[in-house]
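Now for the letters of each chain:
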Amino acid sequence: MRYILHVIRKGILHVVRKGGDTMTARITAAQVYRDAARIRCLDLGYREPDDPGVDAQLHLYTYLKHRYQEEHVHLQDSITQHLSDEDIETDRIGVAILAVGMLAFGHLEATEDILQGLLILAHHDEFSKIPYLLANSLKALLPLPAGMEPRTQPLVVQAWLQAHADRLVWDEATGKFVFNEAAAS
C-alpha cells in the first residue's frame, strides 16, 4: 500500500495511506532530522536497502558518515584551490545540511558545521528554508536555554556550546542531547 501523506505534529507522525487508512506513531526529533538527511542523501545518490533484514538506520548512518567526510574533503580542496568565496560558501552549506543528519545520530561536533552554515546564510536570501532546517535542528536536538535562537544568534549558541559541550551526552531513547548530571559533579 502506498503512503500518500505524512504529517508530523507534536512528535506524532500521522500517515494517511491510499484508501484513507490512517496510521500514527510517536517519533523523536532525531528521527525527523534523520529523515531530512535521508532526503538530502537521496539527492546525492543514496539508495535505500532493498533487503528488509538490513537495519535502515544503520545503513543511512553509514552512508551519511561517509558522505559527510567526503564533503569535508571536497570543501578543503575548494579552499586549497582558492575557489571563489561563493563556491566555498555553497560547499559549506552542503556540509551543514549533512551535519544536521550527523547531529541527529549523536555527533555533537557536527554543530560547528551547522553554525558555520547559519553564519553564511545570514547574508543570503536565496536559501530561504535552509536556515530554518539548520536552526530548528539545533533547537530540537540540543537542550538550549529558552529564548536562545540559533538562526539569529549563531555566535551565542556557539559560545553556549563551548561552555556546555563537555556535559552533553546523546540519549537515543529521547533522540536528543541531554545534560550528563554526573559530569556536573
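About the criteria used
Residues numbered from 1 in each chain as written. Predicted model: local features only at pLDDT ≥ 70, side-chain atom pairs only at ≥ 80, totals over all residues. Heavy atoms only, no water. Helix = DSSP H or I, 4+ residues; strand = E, 2+ residues; numbered from the N terminus. Buried < 20%, exposed > 50% of the residue type's maximum accessible area, 1.4 Å probe, protein only. Contact = heavy atoms within 4.5 Å. Areas by Shrake-Rupley, 256 points an atom, 1.4 Å probe, with all protein chains shown as cover. Core = buried A, V, L, I, M, F, W, Y, C linked by side-chain atoms within 4.5 Å. Pairing = 2+ DSSP bridges. Axes fitted to C-alpha atoms, helices over the stretch in contact; angles between N-to-C directions. Left-handed = near helix turned anticlockwise from the far one by under 90°. Nonpolar A, V, L, I, M, F, W, Y, C, P; charged D, E, K, R; others polar. Phe/Tyr/Trp six-rings, centres within 6.5 Å; stacked < 30°, edge-to-face > 60°. Lys NZ or Arg CZ within 6 Å of the ring centre and 35° of its normal. Expected span 1.5 Å × (residues − 1).

Caption draft 1: Geometry of the overall build of the protein chain. Assigned secondary structure in the protein chain consists of seven helices and five strands. Put simply, the protein chain runs from its N terminus to its C terminus through helices and strands in the order β-β-β-α-α-α-α-α-α-β-β-α. Scored against the burial criterion, the 185 residues of the protein chain give a buried share of 35%. Taking contacts inside the protein chain between residues at least 6 apart in sequence as the whole, the part at least 24 apart equals 44%. Carbon and sulfur atoms form 53% of the exposed surface of the protein chain, whose accessible area is close to 10900 Å².

Caption draft 2: Structural detail: helix H4 (residues 111-121). Among the eleven residues in H4, eight count as buried, and that is most of the element. Of the positions making up H4, those classed as buried are Thr111, Asp113, Ile114, Leu115, Gly117, Leu118, Ile120 and Leu121. Lining the buried residues of H4 we find helix H2 (56-80), helix H3 (85-104), helix H5 (130-141) and helix H6 (154-164).

Caption draft 3: Geometry of the nonpolar core. Ile114, Leu134, Leu138, Leu142 and Leu161 are the most contacted members of the largest nonpolar core, which has 43 residues in total. Looking at which element gives the most residues to this core, the answer is H3, with eleven residues. Aside from chain neighbours lying at most four places away, what touches isoleucine 114 is Ala96, Ala99, Val100, Leu103, Leu134, Ser137 and Leu138.

Caption draft 4: Structural context of the environment of valine 157. Tracing the backbone shows valine 157 in helix H6. For valine 157, a relative accessible area of 0% gives the class buried. Sequence separation between valine 157 and leucine 138 is 19 residues; the distance between their C-alpha atoms is 9.0 Å.

Caption draft 5: Inspection of the pairing of strand S4 (residues 168-171) at higher detail. Across four bridges, S4 lies against strand S5 (residues 176-179) in antiparallel orientation. In the strand pairing of S5, valine 169 is matched with valine 178. Linking S4 to S5, which pair antiparallel, is a turn of four residues; within it glycine 175 sits at a positive phi near 70°.

Caption draft 6: Main features of the packing of H4 against H5. For the pair H4 and H5, the least separation of the axes is 10 Å and the interaxial angle reads 145°. Remark: the crossing between H4 and H5 carries left-handed chirality. Between H4 and H5, the residues in contact are Thr111, Ile114, Leu115, Gly117, Leu118 and Leu121 and Ile130, Pro131, Leu134, Ala135, Ser137 and Leu138, respectively. For the contact of H4 with H5, the class distribution of residues is nine nonpolar, three polar and no charged.

Caption draft 7: Inspection of the packing of aromatic side chains at higher detail. Per the stated rule, a full pass over the model turns up four aromatic pairs. When the ring of tryptophan 160 is compared with that of phenylalanine 179, the centres are 6.1 Å apart and the planes differ by 75°; the resulting orientation is edge-to-face. Residue tryptophan 160 is located in helix H6, and its partner phenylalanine 179 is located in strand S5; the two are separated by 19 residues in the primary sequence. Given a relative accessible area of 27%, phenylalanine 179 falls into the partly exposed group. Ring geometry for tryptophan 170 versus phenylalanine 177: centroids 4.9 Å apart, planes at 70°, classification edge-to-face. Look at tryptophan 170 and you get partly exposed, because its relative accessible area is 21%. With a relative accessible area of 3%, phenylalanine 177 lands in the buried category. Sitting above the plane of the phenylalanine 105 ring, arginine 34 keeps its charged end 4.1 Å from the centroid.

Caption draft 8: Just helix H1 (residues 29-43), in detail. End to end, H1 covers 22 Å across 15 residues, agreeing with the expected 21 Å (1.5 Å per residue, within 8%). The inward-facing, buried residues of H1 contact H2, H3, H5 and S4.

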